[in-house]
Structure formats: structure tokens, C-alpha cells
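A structural walkthrough
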Amino acid sequence: MTRGPTVLVVGGYGAVGRVVTRALAGRGVPVVVAGRDPARARNLAREHPGLVTLRAVDVETADGTLLDGSDVVVMCVERANARVANLCLTRGVHYVDISATATVLDDLERLDPVARRHDATAVLSVGLAPGLTNVLARRCVDDLRSATGVEVTVLLGLSGDHGPDSARWTVEQLAAPRRSGEGRRARVTLPGFGARTAHPFAFSDQHSLTRTLGVPVTTRVCFDSAAATAALFGLRRAGVFRLGRRLVGTDRLARTASRLPLGGGDRFVVHVAATDDAGSRVAYAVSGRGECHATGVVAAHVVEELLRRNVGSGVRHLDQVIGAGALLDLLPAHGLTVHASA
Ligand SMILES: NC(=O)c1ccc[n+]([C@@H]2O[C@H](COP(=O)([O-])OP(=O)(O)OC[C@H]3O[C@@H](n4cnc5c(N)ncnc54)[C@H](OP(=O)(O)O)[C@@H]3O)[C@@H](O)[C@H]2O)c1
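Residues numbered from 1 in each chain as written. Predicted model: local features only at pLDDT ≥ 70, side-chain atom pairs only at ≥ 80, totals over all residues. Heavy atoms only, no water.

Re the sheet that holds strand β13 (residues 314–317)
Here is the rule: Two strands qualify as a pair provided DSSP detects at least 2 bridges between them. Helix numbers and strand numbers start at the N terminus; a helix is a DSSP run of H or I with at least 4 residues, a strand a run of E with at least 2. Structural elements are reduced to axes, namely lines fitted to C-alpha atoms, with helices fitted over the stretch in contact, and the angle between N-to-C directions of any two is expressed from 0 to 180 degrees. Contacts between residues were defined by any pair of non-hydrogen atoms, one from each residue, lying within 4.5 Å.
Strand order across the open sheet formed by 7 strands is β3-β2-β1-β4-β5-β6-β13, with parallel pairing between neighbours. Taken across any chain shown, the strands that pair with only one partner, and hence form the sheet edges, are β3 (52–56) and β13. For this sheet the average axis-to-axis angle between neighbouring strands, irrespective of direction, equals 20°. Note that strand β1 (residues 7–10) and strand β4 (residues 72–75) share 4 bridges and pair parallel. Across the sheet, the residue bridging to Val9 is Val74, located in β4. Of the strands in this sheet, β5 (94–97), β6 (121–124) and β13 touch helix α4 (residues 102–109), which is tilted by about 150° from β13. Its contacts with the sheet place helix α12 (residues 291–308) against β1, β4, β5 and β6, and it is angled at close to 165° to β4.

Given below as C-alpha cells:
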């Protein structure tokens, strides 16, 4: 039997990874699910007999054999990303990364010459934020033609579908020192939630979109519970997250924060607005349930595009390889709603 191209999903049984695995295997794409304890992925293998296979891998120590038989690698974990990307690209294997950390993306961008030399593609900023925020920001800037500023607001569900690594990432950002020039909090009207106060937050888009769109980009966050947002950012201002991280470490702090009775649900909104000097404004938003679900849907779409057509070699961000129209059109089938001029 001839098999089609095979996709390796690192962290393929995590909160995002299992969405990617299910989406691809559901469309008949063979998937190798990798992680340190692949026994945790037995259910996925049972759901898709013959299509999902398991591989024990620790990416911190893995060598090139990690990639055996793979045509595309999806990195659903933030560990040793640049090393894994380098292993992929030097072997001509395409690479997709859902990382939301600016320093990780900076390291990956530096691999652009390697990718070009080996005629391989790395797609970064894949997911919700970064991800859908990228395509919405590009659409806003294209609509206005002479945009002078872009504002990205992300509302996250406090009891969403995120796994331990996503919770860890959020706590890392809350514990990070405030940067000069990171902007002020703002009132933003979000579909389904009304006017909310959103706080400056270091989504990677702020850096990568500012570079790729050539327009200053500000990123903010709030949570679905307004009271919890005020409380968490009050604690942040008082330095409680920074102190907690120093005392107990990020992992324990994230576990403790996840157990706080903050309420909330799994709904999210990403909202992007752009303005120009003439006072024109455009805005788009996407809302839905489960930020990891949305991230996995976008990642699976990117993989299918890489398997379907040549998107050009090099290291690119999502909005540089995938048109907004096609991506936004497929979202409703996955329970996500696209709002224009919200
Ligand atoms: N772009 C976006 O919008 C977006 C949205 C959501 C999440 N994210 C990012 O996606 C990442 C994953 O989030 P998640 O909620 O899916 O986390 P998760 O549920 O904790 O999943 C992480 C997965 O990675 C595996 N893993 C951890 N360390 C590993 C290692 N050294 N080698 C191989 N596999 C390893 C874990 O399995 P084992 O521990 O058994 O190895 C698990 O399968 C986070 O970094 C998060 O920030 C991005």
C-alpha cells in the first residue's frame, strides 16, 4: 500500500496537539504522535487505526532520527524549538510552529537562510494569537491601505481547554517585568462581551506584526470574567506573580494559579482594529470556544496547505503564506464566528 505524506506532531496528545492529530487523521493523513509519554496517546491511536502511530521522544535530547519518515513536523510544545526546526529544515522537512513567545520566534526567524538553502518552509505564528490575529491584522491593513496603528485584543476563557504548557505560558507573561512603551490599558468592545478593559500583554504579534506589516502593533489581553481580569492585573501590578515565580518557580505557580476559583468559561475572542491618519477605522474579530481547539484547527489547515501546494521556501509567519479569505471561510465549520467591523 502506498502511503501519503506523513506528519509528525510533537506534543501531539497535548491540548493543541490532539486537535491537530484528530483533524489530520480524520482527513486520512498519516500522523506520528510524539511526546515523552506516548502511552497517553493510546486513545488517539485507537480512534484512527493504521493512521496514528506513537513515538517516544524528548525534544530536548532528540536527534535527526526524530524525523524518520516525516514530511512535515508540527511543533506543539515550546521546548528546543530552534534546534528541532534546524533538524527539519536542513533535511528539507517542512516545519510548523504554534509558539506564542517572541524570543522563540526570533530564534526561528534566523533560520530563514537554512530553509531557503534546503528548499523547505517553516510557518510561524500559527494558532489564535499569534495566528488568527496575524491574518486579521493583515486584512485590516490591506483594507485601510495607509494604516498608522493596529490594536490586537485577546479575550481568553479562564476555564478554557488549555493544557499545562498554555497555563505556564500565561503565568510567564504575567510574571514578566513591565516594559517601557508597552502601552496602556484600553476599553474595547468585544462581540458577545460588550465593553471590556484590556491590559497590555506581551503577545509575540506585537513584535513580529510590527516588523512584517510595517505598522506599530499593540497587544492587550483580558479574561472572560471582568472581575478576575481586574484581580489578576492588580496582582501583576503589585509584583505578586514575579515574586511567586522567584519563590516557587513557574511550574508550581502555574499549577496554583490554575486551581484558583476564578470562574469563567471557555469562550475566547480575538479582535483586531486598525486606524489611519484620516480617522478611518476597520476591525475584525473571531470568537468561539476553546483557544487550543482554534489553534489546532489553524495548524491543521496550514499543514494541509503545505501538503497541497508549494508556498515558497523560507521562514514565514502565517499571514505571509495563507490568505485571510480561505482561512476565515473555513472557521464556521469548526464552530468559530468571524465578525467584521466589530
Ligand atoms: N499560537 C497560539 O495561539 C497558541 C494557543 C494555545 C497554546 N499555544 C502554545 O502551545 C503550546 C502547547 O500548549 P498546550 O496547551 O497544548 O500544552 P500541553 O497540553 O501541556 O501539551 C504539551 C505537549 O507537549 C509534550 N511535551 C512536553 N515536553 C516535551 C518534550 N521535552 N519533548 C516532547 N514532548 C514534550 C507534552 O507531553 P509530555 O509531557 O508527556 O512529553 C504534551 O503532549 C504552549 O507552548 C502554548 O503556549 C499557542
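Examining the side chain of Glu305
Selection criterion: We define a polar contact as two N or O atoms separated by no more than 3.5 Å, with the added condition that, inside protein, one atom must be a possible hydrogen donor and the other a possible acceptor, whereas residues neighbouring each other in sequence contribute only through side-chain atom pairs.
Among the secondary structure elements, Glu305 is positioned in helix α12. A polar contact is formed between the side chain of Glu305 and the side chain of Arg309, at a distance of 2.7 Å. Those residues in contact with Glu305, other than ones at most four positions away along the chain, are Val311 and Ile322.

Side note on the domain arrangement of the chain
For the record, the criterion: An automatic or database domain assignment is the source of the domain bounds shown. Only one rule defines a salt bridge in this text: a Lys or Arg side-chain nitrogen within 4 Å of an Asp or Glu carboxyl oxygen.
Examined at the domain level, the chain breaks down into domain 1 (7–126 + 293–336) and domain 2 (132–291). Distance from the C-alpha centre of domain 1 to the C-alpha centre of domain 2: 24 Å. Taken together, the contacts link 27 residues of domain 1 with 25 residues of domain 2. In this assembly, domain 1 and domain 2 are joined by 4 salt bridges. Between Glu109 and Arg211 there is a salt bridge; the shortest N-O distance is 2.8 Å. Applying the counting criterion to the domain 1 and domain 2 interface returns 11 residue pairs in polar contact (both at pLDDT 80 or more).

Remarks on the UniProt feature "domain: Saccharopine dehydrogenase NADP binding" (unreviewed entry) in the chain
The condition is simple: UniProt positions are given in the numbering used here, feature names are shortened, and annotations may be inferred rather than shown by experiment.
Per the UniProt record, the feature "domain: Saccharopine dehydrogenase NADP binding" (unreviewed entry) sits at residues 7–112. In the segment residues 7–112, helix accounts for 33% and strand for 21%; the C-alpha atoms at its two ends are 21 Å apart.

Focus: the pairing of strand β7 (residues 147–156)
For clarity, the threshold we go by: Buried residues are those whose accessible area, probed at 1.4 Å on protein chains only, stays under 20% of the maximum for their type, while exposed residues exceed 50% and partly exposed ones sit between those limits.
In terms of burial, β7 is a largely internal element, 8 of the 10 residues being buried. In this structure, β7 lies alongside strand β10 (residues 217–223), joined through 7 bridges in parallel fashion. Considered in β10, the bridge of Leu156 is made with Phe223.

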